[in-house]
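# Coordinate analysis (summary)
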Amino acid sequence: MTDTQTRGRIVVQLIPGLASLRKRGLAGWFAVIGLAMVFVVVLMTATAPWISPHDPNEIGTGPVLGPPSLSFPLGTNHLGQDMLSRLIWGGSTMLQVAALSVLVCFIVGVPVGLLTSYAGGLVDRSASLAMDSIYAFPGLVLAIAIAAMLGPGVVNMSLSIAVVYVPSYYRIVRSQVLSIKELPYVEAARTLGASGRSTLLRYILPNVLPSVVAVATVNFADAILTAAGLTFVGLGLPISTPDWGWDLTYGRRLLPSGAWWVITFPGLMIVILALGFAFVGEGLSELLNPKLEQ
Amino acid sequence: MPLLDIQSLVVEYHTLKAVVRAVDRVSLSVEKGETLGLVGESGCGKSTLGLSAIRLVPSPGRITNGRVSLDGTDVINCSDEVIRQIRGKRVGYIFQDPMTSLNPVKNISAHFVEMIQTHEPKASSEDALKRSQDVLKRLGILPERLRDFPHQFSGGMRQRVMIGLALALNPDLLIADEPTTSLDVIVEAQIVELLKELKESLGLTLILITHNIGIVAETADRVVVMYAGRVAELADTDTLFEKPRHPYTQALLNSVPNITKKDQVLSWIPGAPPDLAEPPLGCLYHPRCPFVFDRCKREEPLLTQHNSSMVACHLCDKR
Amino acid sequence: MTLRSYVIGRILLTIPMILLLLTLVFIIVRILPGDPVLVHFEKKATPAMIEEFRHQLGLDKPLEQQYGDYLLGLLRGDLGKSMADFSSVGQQIFTAFPATLELSIFSMIIAVLLGVFLGARASRSYNSVEDHSIRVFGIVSYAIPVFFLGMVFQLIFGIGLHILPTGGRISPGMEPHGLALGDFRFSTGLYTVDSVLEGDPSKLFATLRYLLLPSLTLGIVLSGIFVRLTRSNMLETLRLDFVTAARARGLSERAVLYGYALRNAFLPILTMMGLQFAALLAGAILTETTFSWPGLGRYLVDRIAFRDYTAIQGAIVFFGLLVALVSLVVDILYAYLDPRIRL
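Just so it is clear, the model here is predicted, and its values are computed rather than measured. (Residues numbered from 1 in each chain as written. Chains lettered and ligands numbered in written order. Predicted model: local features only at pLDDT ≥ 70, side-chain atom pairs only at ≥ 80, totals over all residues.)

Before going further, it helps to examine the overall build of chain A. Scanning chain A for helices and strands turns up 12 helices and zero strands. Each helix and strand of chain A, ordered N terminal to C terminal, gives the series α-α-α-α-α-α-α-α-α-α-α-α. Residues counted as buried form 45% of the 294 residues belonging to chain A. (Helix = DSSP H or I, 4+ residues; strand = E, 2+ residues; numbered from the N terminus. Buried ≥ 20, exposed ≤ 12 C-beta atoms within 10 Å, placed from the backbone.)

Set out below in structure tokens:
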């Protein structure tokens, strides 16, 4: 079986897997609801140019710090910008940052995990030690450190976040590899002359992927929260882009005047997005490791 | 009035795949002072039946029908508080595996004192301790050992501790669920002797749940044979062993090796107990019964009186 | 393996990890693109002055020497000099630390109490509405950005209802001074403890008023993981035979829950507390910023705003060392409590 065929197999198996999600009781519900939440947010962000009533960056669209009203359902901020428009546009950067960081984590964490833990010995031990050191470090602090040095921007933020979470991917891959490596059928394949590379690809990778996907979904939620955190701490993006994190951060200064709408809606959106991914992750991990709760 | 009266009890387990009837319309009663043996293969529902008597069927199991009456009290519908008071005080329960039935982080005296003080809040710790020492002395456990933890006892000793716990508050009824299954033969004999002696001296009513017919023969006054959640036969011990009427009972008795018979060909029952998620029609035993005929496959046999036994078998109706 | 050999082994393992950590921070700060000195002093100084500053901060030496100085300095407790006023970063951290410590302790207490209580209740009423709601709470509390929750609390209790302060650690003049006997002074820096030592209930009350919202915020966000852990441990334990046997003896559900199930599930909770310490610190940074709490977190954020890179480095190193130390202590404690681990 060629590599393409293996990859095709994996994808084909994922789809009916998704369809059977509903049947699996509560876990299925979690996953489905989570997916729906994420989908709605992504859809809203993608169609922003068409559905946004006003230009989110235009100053003076409405009154300064106007409460929610008919013309401005979510109110306006200190610059008179329409909060609803800012809400619709605001998820874009966060989604980009999170997606990019998950991608980087995947590209770095999975191969490193596969190769070093399959190789074993000193290579495995040193990689494990390095990853544990990063893992032990408080996530946000590390992200702050890197972001502070790299400067603002979507790519820099993604990289900062990616470094923090690579160890999570590495660890799950490693634990799976270690347990599968010793299984009889893998040994059998090796005795029959399968090379290391093909053993990895054909036997170990397909078994590792489901768990990695579960980690990736929760990781998405973490990435979103960390991105918001970075913004809050002042290491986010240039001010011009409408961003929920930024609205939350700046909104803090507006709180004493009682303008609750400036932070509530952006905050809720972040919660919904992060929650959506968290639900999916929760559902997925329960589907993968059904607990003997019967 | 019987001490324990069970009427048409139904206990179901609701799993994702199916509803399984672990106990299917079982009726029996236990008179004060008698010993009732409850026999059957693993999975026949006898343990579930025992637990139902104190409403401890573990979820996802549920009592869905029938009545259980303990000396007049409705066990199924009474309040949580009432059933809690019954457990331990009016009914003592001995579990199968004493290793996993004792709390590993508490020592033996803690087990006793806690139970005594739960039921008698005014009892002092010293008093409770003294009482537990007395109980355990009767069972052959020295007072110094009360401070030890469960894992420091041997299997037989642990079972004695369990018996002590079950008897500490002088219950009227003692239910012993496979009390000797996890013990070796010699210890088993000791425990059986112990149970007999306690029954005599304390005037206990005993329900002995086991798959070992031998013990039942020695200790029980009456025997109930269960199969796949239903009662197959119910009779006095002597009658049951001399004239077993249900084919299942006969097969059971035949499969016990007889040490006196030489050149004995061991017999066994072909087939396996039915999958209760999809039970067969008619008599549940018919797939394995050597005497099966047409009616058995269609109609469920009801428990009816034949001479001095109660049997659920179409064969007996025929005669 | 004895406890002693385990401890020694564990400590030995920590050393390379700490070294790696320090090196990592050094790499991040010194080697990543951009000249921190230039950025910091950008518009404020002439090139000549910048060179002088660079020299004062020790940043003009070759990299290897800087690395060596950095490590040696740490052994002496020197965390560098701030770019703002060339004062000792270590000193500033030392001043800010007790506030963070106090916030962390209270937050962790709230997180564990709330988490364990809810987790136990959920396990008791398995698969019920209560169980599901608690599980959802566990996930939601994790998904809420801690600063958003903090702001919501500020809005409701501070600005809306006016019953709690929205920021700061104490009102001016109410700082507890701790024990004072003649010339002997003793204070822990923890206002709750100090106000008790001083014997002034009004100060204690004031301290708690300011402490309530920040620690509640951080505590709630952290509790989610404890809810989940307690629930799954309890579910497992509640299924065990000795629990059924205990019920058969007529013990009340409460006695069964706390005396049997919870006691056996406790140890993993203890470990989790240690593991959550890193998350606690991260959350503290955001919480302190939200509530203007004068701790390490706010110090770090302030330094970021001022682009004070040496101070940022010092603070991050401190965080890393703190986490490494705490996990070492937790591991040793766990090995002490559960002999099976050492084998």
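What follows picks up the thread again.
Taken together, the 21 residues of chain B in the interface contact 16 residues of chain C. Going through the elements one at a time, α2 (80–86), α3 (98–101) and α4 (108–119) of chain B are the ones with two or more residues in the side of chain B that touches chain C. For the side of chain B that touches chain C, the element with the most residues is α4 of chain B, which contributes four residues. When grouped by side-chain class, the residues that make up the side of chain B that touches chain C number nine nonpolar, seven polar and five charged. (Contact = placed C-beta atoms within 7 Å. Nonpolar A, V, L, I, M, F, W, Y, C, P; charged D, E, K, R; others polar.)

Residue and element names in this part refer to chain B. The strand order β6-β7-β8-β3-β9-β10-β12-β11 describes an open sheet built from eight strands, whose pairing is mixed. Two strands lie at the open edges of the sheet, namely β6 (91–94) and β11 (304–306), each paired on one side alone. Strand after strand, the sheet turns through a mean of 20° between neighbouring axes, direction not considered. (Pairing = 2+ DSSP bridges. Axes fitted to C-alpha atoms, helices over the stretch in contact; angles between N-to-C directions.)

The next subject is unusual backbone geometry. Notably, Glu178 of chain B is not glycine yet its phi reads approximately 50°, a positive angle. The residue Glu178 of chain B is located in the loop between β7 (173–177) and α7 (185–202) in this model. Residue classification places Glu178 of chain B among the buried residues on the basis of 21 C-beta atoms within 10 Å. The phi dihedral of Ser292 of chain C falls on the positive side, at around 50°, and the residue is not glycine. Within the secondary structure, Ser292 of chain C is located in the loop between α12 (277–290) and α13 (296–305).

Averaged over every residue, the pLDDT of chain C is 81; the share at 70 or more is 91%. The ipTM assigned to the predicted complex is 0.81, against a pTM of 0.73. (pLDDT = per-residue confidence, 0-100.)

Moving on to the sheet that holds strand β2 (residues 19–30) of chain B. Residues and elements named next belong to chain B. The strand order β2-β1-β4-β5 describes an open sheet built from four strands, whose pairing is antiparallel. Of all strands in the sheet, those with a lone pairing partner are β2 and β5 (73–74), marking the two edges. Here strand β1 (residues 4–14) pairs with strand β4 (residues 61–70) via eight bridges, running antiparallel. Residue pairing in the sheet places Val11 in a bridge with Ile63 of β4.

Count 3.6 residues to each turn of an α-helix, and residues three or four apart come out pointing the same way. Residues and elements named next belong to chain C. The terminal C-alpha atoms of α12 lie 20 Å apart, and with 14 residues this matches the ideal 20 Å at 1.5 Å per residue to within 8%. Among the 14 residues in α12, 13 count as buried, and that is most of the element. Ser292 occupies a position one or two residues after α12 and carries a positive phi of about 50°. (Expected span 1.5 Å × (residues − 1).)

Turning next to the environment of Thr310 of chain C. Residue position: Thr310 of chain C is located in helix α14 (residues 309–337). Thr310 of chain C sits 231 residues away from Leu79 of chain C along the chain, and the two C-alpha atoms are 8.6 Å apart.

The next point concerns the confidence of the model for chain A. Here chain A averages 80 in pLDDT, while 85% of its residues score no lower than 70. The least confident element of chain A, judged by mean pLDDT, is helix α1 (residues 3–19) of chain A at 54; the most confident is helix α5 (residues 91–119) of chain A at 88.

Further remarks concern the interface of chain C and chain A. Every contact between the two is made by 41 residues of chain C and, on the other side, 41 residues of chain A. Secondary-structure elements contributing two or more residues to the side of chain C that touches chain A are α1 (3–31), α6 (129–143), α7 (146–160), α12, α13 and α14 of chain C. Sorting elements by how many residues they give to the side of chain C that touches chain A places α1 of chain C first, with eight residues.

All names here are of chain B. Of all seven residues that make up strand β10 (residues 230–236), six are buried, and the element is covered over most of its length. Examined bridge by bridge, strand β9 (residues 222–227) and β10 share six bridges and lie antiparallel to one another. Within β10, the residue paired with Tyr227 across the bridge is Arg230. Adjacent in sequence and paired antiparallel, β9 and β10 are bridged by two residues, among which Ala228 carries a positive phi angle near 50°.

Before going further, it helps to examine the nonpolar core. Residues and elements named next belong to chain A. Formed by 251 residues in total, the largest nonpolar core has its most connected members in Ile144, Ile224 and Ala274. Per-element accounting of this core gives the leading share, 18 residues, to helix α10 (residues 196–232). Those residues in contact with Ile224, other than ones at most four positions away along the chain, are Met94, Ala98, Ile270, Leu273 and Ala274. (Core = buried A, V, L, I, M, F, W, Y, C linked by C-beta atoms within 7 Å.)

Put simply, side chains in a regular strand alternate between the two faces of the sheet. Residue and element names in this part refer to chain B. Along β9, six of the six residues are buried, which leaves the element largely enclosed by surrounding structure. Alternating positions in β9 separate into two faces, Arg222, Val224 and Met226 on one and Val223, Val225 and Tyr227 on the other, with burial throughout. One ladder, built from four bridges, connects strand β3 (residues 35–39) with β9; its direction is parallel. Its bridge partner being in β9, Leu38 is matched across the sheet by Val224.

Residues and elements named next belong to chain C. For the pair helix α5 (residues 89–124) and helix α9 (residues 201–238), the least separation of the axes is 5 Å and the interaxial angle reads 35°. Here the hand of the crossing between α5 and α9 comes out right-handed. Grouping the constituent residues of the contact of α5 with α9 by class yields 22 nonpolar, eight polar and one charged. (Left-handed = near helix turned anticlockwise from the far one by under 90°.)

Before going further, it helps to spend a moment on the environment of Ser101 of chain A. Residues and elements named next belong to chain A. Following the sequence through the fold, Ser101 ends up in helix α5. Judged by the 29 C-beta atoms lying within 10 Å of it, Ser101 is buried. A C-alpha to C-alpha distance of 34 Å links Ser101 and Phe72, two positions 29 residues apart in sequence. Apart from residues lying up to four places away in sequence, Ser101 is in contact with Ser158, Ile161, Ala162, Tyr165 and Ala223.

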